[in-house]
Amino acid sequence: MMTAMAAFAVEDAFVKAVSGSHPVGQVLILFGIGGAVLFAIIAKAQNKRLLDPAVLSRPMCIRIVFEVVGRLFYVLALALTPLSSTTAILQATPLIVVLGAAVIFGEKVGWRRWLAIFVGLIGVLIILRPSADGFSALSMFAVIGTIGFAGRDLASRAAPISIGTAILGLYGFIAIIIAGIVFSVWDGKGFTTPDGQSLFYFAGAVMMGIFAYAALMKAMRSGDVSSVTPFRYTRLLFGLALGVFLFGEELDLPMLIGCSIVVLSGLFILWRGKKVKADATAP
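Residues numbered from 1 in each chain as written. Predicted model: local features only at pLDDT ≥ 70, side-chain atom pairs only at ≥ 80, totals over all residues. Heavy atoms only, no water.

## Brief notes about the overall build of the protein chain
Okay, so step 1: For the protein chain, the count of helices and strands is twelve helices and zero strands.
Okay, so step 2: Starting at the N terminus and walking to the C terminus, you meet the elements of the protein chain as α-α-α-α-α-α-α-α-α-α-α-α.
Okay, so step 3: Taking 283 residues into account, the globule formula puts the C-alpha radius of gyration at 19 Å, and the protein chain, at 19 Å, falls close to it.
Okay, so step 4: Counting only C-alpha atoms, the protein chain reaches 60 × 55 × 30 Å along its principal axes.
Okay, so step 5: Here the analysis covers contacts within the protein chain between residues at least 6 apart in sequence; of these, 89% occur between residues at least 24 apart.
Okay, so step 6: Treating the 22 positive side-chain charges of the protein chain as one cloud and the 14 negative ones as another, the clouds have centres 12 Å apart. (Helix = DSSP H or I, 4+ residues; strand = E, 2+ residues; numbered from the N terminus. Rg over C-alpha atoms; globule rule 2.2 N^0.38 Å. Contact = heavy atoms within 4.5 Å. Lys, Arg positive; Asp, Glu negative; His and termini not counted. Charge placed at Lys NZ, Arg CZ, Asp CG, Glu CD.)

## Section: the UniProt feature "domain: EamA" (unreviewed entry) in the protein chain
Okay, so step 1: In the numbering adopted here, UniProt assigns the feature "domain: EamA" (unreviewed entry) to residues 2-128 and 141-270.
Okay, so step 2: Note that residues 2-128 is 80% helix and 0% strand, and that its end C-alpha atoms are spaced 26 Å apart. (UniProt positions renumbered as here; feature names shortened; annotations may be inferred.)

## A look at the pattern of salt bridges
Okay, so step 1: The final tally for this structure, using the stated rule, is six salt bridges.
Okay, so step 2: Ionic pairing is found between Glu67 and Arg63, a salt bridge with its closest N-O pair at 3.9 Å. Of this pair, Glu67 and Arg63 are both found in helix 3 (residues 58-80), four residues apart, which corresponds to roughly one turn of the helix. Each member of the pair, Glu67 together with Arg63, is buried.
Okay, so step 3: The exposure class assigned to Glu67 is buried, which follows from its relative accessible area of 3%.
Okay, so step 4: Within this structure, Glu11, Arg63, Glu67, Arg71, Arg152 and Asp153 form a network of salt bridges that share partners. (Salt bridge = Lys/Arg side-chain N within 4 Å of Asp/Glu carboxyl O. Buried < 20%, exposed > 50% of the residue type's maximum accessible area, 1.4 Å probe, protein only.)

## Quick word on a nonpolar patch on the surface
Okay, so step 1: A surface patch of nonpolar side chains, amounting to about 500 Å² of accessible area, comprises Trp111, Leu115, Phe118, Val119 and Ile122.
Okay, so step 2: Note on placement: Trp111 falls in helix 6 (residues 111-128). (Patch = residues over 30% accessible without salt bridge, like charges linked within 9 Å, V, L, I, M, F, W, Y side chains within 5 Å. Areas by Shrake-Rupley, 256 points an atom, 1.4 Å probe, with all protein chains shown as cover.)

## As for the packing of helix 4 (residues 83-90) against helix 7 (residues 140-158)
Okay, so step 1: Running from N to C, helix 4 and helix 7 point in directions that differ by 35°, and their axes come no closer than 9 Å. As helix 4 runs across helix 7, the sense of the crossing is right-handed. On the side of helix 4, the interface is formed by Thr86, Ile89 and Leu90, while helix 7 contributes Ala142, Val143, Thr146 and Phe149.
Okay, so step 2: Split into classes, the residues belonging to the contact of helix 4 with helix 7 amount to five nonpolar, two polar and no charged. (Axes fitted to C-alpha atoms, helices over the stretch in contact; angles between N-to-C directions. Left-handed = near helix turned anticlockwise from the far one by under 90°. Nonpolar A, V, L, I, M, F, W, Y, C, P; charged D, E, K, R; others polar.)

## Side note on the side chain of Thr234
Okay, so step 1: For Thr234, the position within the fold is in helix 11 (residues 234-247).
Okay, so step 2: For Thr234, a relative accessible area of 12% translates into the label buried.
Okay, so step 3: In this structure the side chain of Thr234 is engaged in a polar contact, spanning 2.6 Å, whose partner is the backbone oxygen of Phe231.
Okay, so step 4: Excluding anything up to four places from it in sequence, Thr234 contacts Met2 and Met5. (Polar contact = N/O pair within 3.5 Å; in protein donor to acceptor, adjacent residues only side chain to side chain.)

## Things to note about the nonpolar core
Okay, so step 1: One finds Leu28, Phe39, Ile163 and Phe173 to be the most contacted residues of the largest nonpolar core, which totals 45 residues.
Okay, so step 2: Contributing elements (two or more residues each) for this core: helix 1 (2-19), helix 2 (24-45), helix 3, helix 4, helix 8 (165-187) and helix 9 (196-222).
Okay, so step 3: Broken down by element, this core gets its largest block of residues, eleven residues, from helix 8.
Okay, so step 4: Discounting chain neighbours no more than four positions away, the residues touching Leu28 are Arg71, Leu72, Val75, Ile176, Ile177, Ala179 and Gly180.
Okay, so step 5: Counting residues in hydrophobic clusters, the runner-up holds 23 residues, among them Ile117, Ile127, Leu236 and Cys259. (Core = buried A, V, L, I, M, F, W, Y, C linked by side-chain atoms within 4.5 Å.)

## Structural notes on the environment of Gly123
Okay, so step 1: Position of Gly123 among the secondary structure elements: in helix 6.
Okay, so step 2: Separated by 97 residues in the primary sequence, Gly123 and Gln26 place their C-alpha atoms 33 Å from one another.
Okay, so step 3: In this structure Gly123 touches Gly258, Ile261 and Val262, once residues within four positions along its chain are discounted.

## Observations regarding helix 1
Okay, so step 1: Taking 1.5 Å per residue, 18 residues should reach 26 Å; helix 1 reaches 26 Å between its end C-alpha atoms and fits that length.
Okay, so step 2: Counted residue by residue, helix 1 has 13 buried out of 18 residues, so it is predominantly covered. (Expected span 1.5 Å × (residues − 1).)

## Quick look at the environment of Glu107
Okay, so step 1: Within the secondary structure layout, Glu107 lies in the loop between helix 5 (93-104) and helix 6.
Okay, so step 2: Residue classification places Glu107 among the partly exposed positions, given a relative accessible area of 35%.
Okay, so step 3: With residues near it in sequence (within four places) discarded, Glu107 still touches Ala101, Ala102 and Arg157.

## Describing the packing of aromatic side chains
Okay, so step 1: Applying the stated rule across the entire model yields nine aromatic pairs.
Okay, so step 2: Measuring from centroid to centroid gives 5.7 Å for Phe39 and Phe173, while their planes differ by 40°, and the two rings are tilted. Of this pair, Phe39 sits in helix 2 while Phe173 sits in helix 8, and the two are 134 residues apart along the sequence. The pair Phe39 / Phe173 is uniform in exposure class, with both members buried.
Okay, so step 3: Note on Tyr74 and Phe149: the rings are 5.6 Å apart at their centroids and 65° apart in plane angle, and the pair reads as edge-to-face. Of this pair, Tyr74 sits in helix 3 while Phe149 sits in helix 7, and the two are 75 residues apart along the sequence.
Okay, so step 4: Residue classification places Phe149 among the buried positions, given a relative accessible area of 6%. (Phe/Tyr/Trp six-rings, centres within 6.5 Å; stacked < 30°, edge-to-face > 60°.)

Written out as structure tokens, the structure reads:
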């Protein structure tokens, strides 16, 4: 899980670097094509059907819509705002997933976890600092992207079990291509010819994304979910470090306080959920 989070952070850094010299729509399309091709090759090697009818199921269609929203706005956030703050806001995804599971799937969430969700969202507000002079409305891109990823995760829970990891990855990257096309039409900017450095960034982003996804699936399928999930928060450490050392970003006290609140709230929710399940199965 920690390896996956490190790779995702490096992927974000590559995407942010290449977004400085190419339109966001082009970045999304090329990144999506690279990932889709690789996942298609993996799926064929596993003798999986690329055109599985289950892909057209309602949960999968909803998943693709949320994937488009999440990827589009998250890449916009990476391109236009600091990597450190974008990564920090992303850590609220588990909070939103628990909130959505309670509202949509009717999962029971006790008052302690509701309180932790509320406190965690306060942590996000501290990171955003909407009343401060340094607030950037562009940070809302990261918030919308986080909501998109949370919706994708919730839809994945309802997706047909017959759809394997490689197929989910394939259509996830196809959704990225769709996001890029939609944004390119709206943005109206012409594509630029990638030079050697840009091609390296694109290739690095795709390879890190594929590797991170594979490591994530390995962790989730071979380890106890409640044990490995907390290590998702190591992505914050990797993201902050890359933001500081590669892009010269500065971390102030409110940012660190907000990050701590979000992470601690998420860890408490995971711990409390595990405890509730243990109590429910106890003789």
